[in-house]
Amino acid sequence: EKINILVSACLLGLDCRYSGTGKYIAELEELKEEFQFIPVCPEQLGGLPTPRSPVEITEGRAVNKEGADCTEQFKKGAQEAGKLAGYFNCRVALLKANSPSCGFGRIYDGSFSGKLIEGNGITAELLHKKGLRIYSEKDLKDLKDLKDVKKLKDVKKLKDLKDQ
Ligand code: SF4
């Protein structure tokens, strides 16, 4: 049986990024036999248009390049992604690195200068709190090692979605 994995839709080639393009990762084809991809774009699910002004996180708020606060849309998108994770019982997510929604561990610093700082995107943070194990396109090798489902056993059980 395949492992359900929530995936940032742009990594599958959907043109959902702020620029109106995708970020297709061809290596994902190799994982299709083991993983069932569940594509999700939290920023679109939160109601933002495509293309859209780029956003970075500043002091916990999601603010676009023009200075407009998009935090509510980002939170909504994170919740919707969380619903999908629950519905499909995903214990793993493959999320685009550095994004203010999907980035895990490192995100842009809010200055729109390409500088990275420690931190999590708003969706990545929510999914992590739910107990999903988060990977990015930069650690596909580790994800490949997960083909052995038994290795997933130490992942915390997903909290009941009603808790959110
Ligand atoms: Fe990709 Fe996530 Fe950004 Fe959507 S919100 S374009 S899935 S990185």
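Note that the structure is a prediction, hence the values are computed from the model and not measured. (Residues numbered from 1 in each chain as written. Predicted model: local features only at pLDDT ≥ 70, side-chain atom pairs only at ≥ 80, totals over all residues.)

**Student:** I would appreciate a short explanation of the sheet that holds strand E2 (residues 35-40) in the present structure.
**Tutor:** Hydrogen bonds between backbone groups are what pair the strands of a sheet, and the pairing can be parallel or antiparallel. Pairing is parallel across the open sheet formed by 4 strands, whose spatial order is E2-E1-E5-E8. Looking at the sheet topology across the chains shown, the edges are occupied by E2 and strand E8 (133-135). Going across the sheet, the axis of each strand differs from the next one's by a mean of 30°, ignoring polarity. As judged from the 3 bridges shared by strand E5 (residues 92-94) and E8, these two strands associate in the parallel manner. Across the sheet, the residue bridging to leucine 94 is tyrosine 135, located in E8. (Pairing = 2+ DSSP bridges. Helix = DSSP H or I, 4+ residues; strand = E, 2+ residues; numbered from the N terminus. Axes fitted to C-alpha atoms, helices over the stretch in contact; angles between N-to-C directions.)

**Student:** Explanation requested: the nonpolar core in the structure shown.
**Tutor:** Ranked by internal contacts, the top residues of the largest apolar core, which has 39 residues, are Ile5, Leu6, Ala93, Leu94, Leu127 and Ile134. Not counting chain neighbours up to four residues away, the residues in contact with isoleucine 5 comprise Phe35, Gln36, Phe37, Ile38, Cys90, Val92, Ala93 and Leu94. (Core = buried A, V, L, I, M, F, W, Y, C linked by C-beta atoms within 7 Å. Buried ≥ 20, exposed ≤ 12 C-beta atoms within 10 Å, placed from the backbone. Contact = placed C-beta atoms within 7 Å.)

**Student:** Help me understand helix H2 (residues 71-87), please; the structure alone is not making it clear to me.
**Tutor:** For an α-helix the count is 3.6 residues per turn, leaving residues at separations of three or four pointing the same way. If you check H2, its first and last C-alpha atoms are 24 Å apart, about what 17 residues at 1.5 Å a residue would give, namely 24 Å. Buried residues along H2 sit against strand E1 (3-8), E2, helix H1 (42-45), strand E4 (61-64), E5 and helix H3 (122-130). Of the residues flanking the end of H2, it is asparagine 89, one or two places downstream, whose phi is positive at about 50°. (Expected span 1.5 Å × (residues − 1).)

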